[in-house]
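Tertiary structure, described
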Amino acid sequence: MGDLKNELKKYHINYDGEVNEEKFIDTLHNKINENKKNRTLKYSVSIFSLILILFNFMRPIETQEEKNHLRNFTDTEIGKYSEFLNYESDSLLVDSIYFQELVETIFVSGEIWETLEFFDEVNLIKEEQL
Amino acid sequence: MIDIDKELIIKFQKGDMKSYNALVIRHLKNTIGFFYNITSNQMESEDLAQDVFIKLNKHLMKFNFQSKFTTYLYRVNMNTANTWFKRNRWRNILHLDQTVEKGEYDTLLETSWTRKELWNAVGKLPLKQRQVVMLRVAEELPYKEIGYVMGINFGTAKVHFHHAVNNLKGILK
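Residues numbered from 1 in each chain as written. Chains lettered and ligands numbered in written order. Predicted model: local features only at pLDDT ≥ 70, side-chain atom pairs only at ≥ 80, totals over all residues. Heavy atoms only, no water.

Across its full length, chain B holds nine helices and zero strands. In chain B, the succession of α and β elements from N to C terminus is α-α-α-α-α-α-α-α-α. Counting only residues that meet the buried cut, chain B has 46% of its 173 residues in that class. A total accessible area of about 9300 Å² is found for chain B, and carbon and sulfur atoms account for 54% of it. (Helix = DSSP H or I, 4+ residues; strand = E, 2+ residues; numbered from the N terminus. Buried < 20%, exposed > 50% of the residue type's maximum accessible area, 1.4 Å probe, protein only. Areas by Shrake-Rupley, 256 points an atom, 1.4 Å probe, with all protein chains shown as cover.)

With that out of the way, let us pick up helix 7 (residues 127-138) of chain B. All names here are of chain B. When the terminal C-alpha atoms of helix 7 are compared, their 16 Å separation across twelve residues agrees well with the 16 Å that a helix rising 1.5 Å per residue should span. In terms of burial, helix 7 is largely enclosed, as ten of its twelve residues are buried. Regarding helix 7, the residues found buried are Gln129, Arg130, Gln131, Val132, Val133, Met134, Leu135, Arg136, Val137 and Ala138. (Expected span 1.5 Å × (residues − 1).)

Okay, the confidence of the model for chain A next. Reading predicted coordinates in detail is not appropriate for stretches of low pLDDT. Mean pLDDT for chain A: 74, with 61% of residues reaching 70 or above. Within chain A, no element has a lower average pLDDT than helix 4 (residues 78-81) of chain A, which sits at 55, and none a higher one than helix 2 (residues 21-58) of chain A, at 88. (pLDDT = per-residue confidence, 0-100.)

Residues and elements named next belong to chain B. Counted according to the given criterion, the structure contains ten aromatic pairs over all chains. Between Phe34 and Phe35, the aromatic rings sit 5.0 Å apart at their centres with planes inclined by 80°, giving edge-to-face as the arrangement. Linked through ring pairs, Phe63, Phe65, Phe69 and Tyr72 together constitute an aromatic cluster. In this structure, Arg136 packs its charged tip against the face of Tyr143, placed 4.2 Å from the ring centre. A cation over a ring is seen here: Arg136 above Phe161, with NZ or CZ 6.0 Å from the ring centre. (Phe/Tyr/Trp six-rings, centres within 6.5 Å; stacked < 30°, edge-to-face > 60°. Lys NZ or Arg CZ within 6 Å of the ring centre and 35° of its normal.)

On to unusual backbone geometry. Residue and element names in this part refer to chain B. In the Ramachandran plot, Phe65 falls in the positive-phi region, its phi being about 60° despite a non-glycine side chain. For Phe65, the location among the structural elements is in the loop between helix 3 (42-59) and helix 4 (69-93). Exposure remark for Phe65: the relative accessible area of 26% places this residue in the partly exposed category. Located in the positive-phi region is Glu140, a residue other than glycine, with phi close to 55°. One can find Glu140 in the loop between helix 7 and helix 8 (143-150).

With that settled, consider the nonpolar core. Residues Tyr20, Ile38, Phe53, Leu56, Leu60 and Trp119 of chain B are the most contacted members of the largest nonpolar core, which totals 55 residues. No fewer than three residues from each of domain 1 (1-87) and domain 2 (96-173) of chain B sit in this core. Excluding residues that lie within four positions of it along the chain, Tyr20 of chain B makes contacts with Leu28 and Ile32 of chain A together with Phe12, Phe53, Ile54, Leu56, Asn57 and Leu60 of chain B. (Core = buried A, V, L, I, M, F, W, Y, C linked by side-chain atoms within 4.5 Å. Domains from an automatic or database assignment. Contact = heavy atoms within 4.5 Å.)

Another point: helix 2 of chain A. Here helix 2 of chain A is 38 residues long and its end C-alpha atoms lie 54 Å apart, about the 56 Å a rise of 1.5 Å per residue gives. Those residues of helix 2 of chain A not exposed but buried are Phe24, Ile25, Leu28, His29 and Ile32 of chain A. As for helix 2 of chain A, its buried residues are in contact with helix 2 (17-39) and helix 3 of chain B.

Next up on the list: the packing of helix 1 (residues 4-13) of chain B against helix 2 of chain B. Residues and elements named next belong to chain B. Here helix 1 crosses helix 2 at 145°, and the two axes come no closer than 7 Å. Remark: the crossing between helix 1 and helix 2 carries left-handed chirality. In this structure, helix 1 contributes Ile4, Asp5, Leu8, Ile9, Lys11 and Phe12 to the contact, and helix 2 contributes Met17, Ser19, Tyr20, Ala22, Leu23, Arg26 and His27. Taken together, the residues of the contact of helix 1 with helix 2 sort by class into eight nonpolar, two polar and three charged. (Axes fitted to C-alpha atoms, helices over the stretch in contact; angles between N-to-C directions. Left-handed = near helix turned anticlockwise from the far one by under 90°. Nonpolar A, V, L, I, M, F, W, Y, C, P; charged D, E, K, R; others polar.)

Residue and element names in this part refer to chain A. Judged by side-chain polarity, Phe107, Ile112, Trp113, Leu116 and Phe119 come together as a nonpolar surface patch covering roughly 590 Å² of accessible area. Counting residues per element, the nonpolar patch draws most heavily on helix 6 (residues 112-129), which supplies four residues. Structurally, Phe107 is set in helix 5 (residues 91-108). You can call Phe107 exposed: its relative accessible area is 51%. (Patch = residues over 30% accessible without salt bridge, like charges linked within 9 Å, V, L, I, M, F, W, Y side chains within 5 Å. Salt bridge = Lys/Arg side-chain N within 4 Å of Asp/Glu carboxyl O.)

This part covers the packing of helix 2 of chain B against helix 3 of chain B. All names here are of chain B. Helix 3 packs onto helix 2 with a crossing angle of 140° between their chain directions and a minimal axis gap of 8 Å. Overall, the two elements helix 2 and helix 3 adopt an arrangement that is oblique. With respect to the hand of their crossing, helix 2 and helix 3 are arranged in right-handed fashion. Contact with helix 2, carried on its side by Met17, Tyr20, Val24, His27, Leu28, Thr31, Ile32, Phe35, Tyr36 and Thr39, involves Gln42, Glu44, Ser45, Glu46, Leu48, Ala49, Val52, Phe53, Ile54, Leu56 and Asn57 of helix 3 and no other residues of that element. In the contact of helix 2 with helix 3, the residues fall into 13 nonpolar, six polar and two charged. (Parallel < 35°, antiparallel > 145°, perpendicular 65-115°, else oblique.)

So this is what it looks like as structure tokens:
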């Protein structure tokens, strides 16, 4: 086997091949630019993916019940889940709810005289209806 | 003594690409030589040297001179060579490259195919041993400097080389 250790130490080549430095530098810069472009593209794709993932997480989660409901939603249920009042409701009751809410709104906004005036008007309308 | 490498790197960090080119030219032949010792192929050595200088272009911006530039360069060379060894191992497994028939070690040591065989064997060594062999054989560094490059002490570098040689004997048998 000989002395491999010493042989290994002698196993060095002094490289004396010719290198076209200009060509090497040109190729190097092309590769560096290409690398930078690829890196930018990678970052962009990563950021875009991250935004998509975050967006997906931030969206309200639909429960299975909601999903089933939407899947089985029929026209007949529109009235049931709508916030609009039913056509068949008592008109006097509807009017009174409306008046009460309006009075509250005017009162809360500090328009006391307007509130009182409004009450008078309501009383007048009621009297006329009677 | 003026540290030319340091000056060139500082200028490069300020955006002067000409300084980077000058740094590349200064270390080009040694870097190609390092890989030529391992691959015995000029084209492949130049490609590997390109990889090294692409890495340097990216990382030298953050280089803060805690070690000598040449030490840093040896480390980048070693890492690039390690990647090459891994890639080459797969290439051999997939028979993309012609594998050389093994002959009598003593008589054929000086021939080029034995060199190839030797480096194939080096590629099979554990990482630390492989690194010591690369620096000792391809770069002809003294143990003290090998220890400095690898972040180990002088004695440990010597022990790694001793184990590497024993392992190589086993692989080349």
